[in-house]
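Secondary and tertiary structure notes
Residues per chain are reported as follows:
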Amino acid sequence: MLQKIEARQAVPFDYADADFSAPVRVQGAEKRVCGSALKVCSDKRYKLFTETKDYIKILSGGGFVKWSRGETPFAAGDIFLAEAIGEYELSGACEFIAVRL
């Protein structure tokens, strides 16, 4: 299941930039890690995989979340819950945080 949710339904995204590790290049994007959270800055697309829950907050940019059942548009400020959907992709120039549970 992939659904757009309200901030009150999500985990807190109150990370400071200094909380994250130094950036590494993965899939042509810049990825940083803080515990179970990923912060990604991507110019095109970034693929993820979850069998549990990922809470995703779009910090900037826009595009589409693509998964096996279709596409859902996203824009800065949107929050999504990806629950046991397997592989999915954020397509579009964007920066986001994904908290994995």
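For the structure, see preceding data.
Described below are features of the structure shown in this document. Note that the coordinates shown come from a computational prediction; the quantities given were computed from them, not determined experimentally.

1. Digging into the overall build of the protein
Within the protein, the regular secondary structure consists of zero helices and 10 strands. From first element to last, N terminus to C terminus, the protein shows the α and β order β-β-β-β-β-β-β-β-β-β. The globule rule puts the C-alpha radius of gyration for 101 residues at 13 Å, and the 12 Å found for the protein is close to it. Dimensions of the protein, computed from C-alpha atoms along their principal axes, come out at roughly 35 × 30 × 25 Å. Burial statistics for the protein: of 101 residues in total, 42% are counted as buried.

2. Side note on the environment of Gly77
Inspection of the secondary structure puts Gly77 in the loop between β7 (70-75) and β8 (79-83). Taking relative accessible area as the criterion, Gly77 reaches 47% and is therefore assigned partly exposed.

Rules and cut-offs
All residue numbers refer to positions counted from 1 along the written sequence of the respective chain. It should be noted that, the model being predicted, local features are given only for residues of pLDDT at least 70 and side-chain atom pairs only at 80 or more, the latter also being counted only at that level, while totals for whole chains, interfaces and linings use all residues. No hydrogens and no water enter the side-chain calculation; it runs on all heavy atoms of the structure. Helix and strand definitions follow DSSP, with helices as H or I runs of at least four residues and strands as E runs of at least two, each counted in order from the N terminus. When we talk radius of gyration, it's over C-alpha atoms, and the globule rule is simply 2.2 Å times the number of residues to the 0.38. Throughout this description, buried means an accessible area under 20% of the type-specific maximum (1.4 Å probe, protein chains only), exposed means over 50%, and partly exposed covers the range between.

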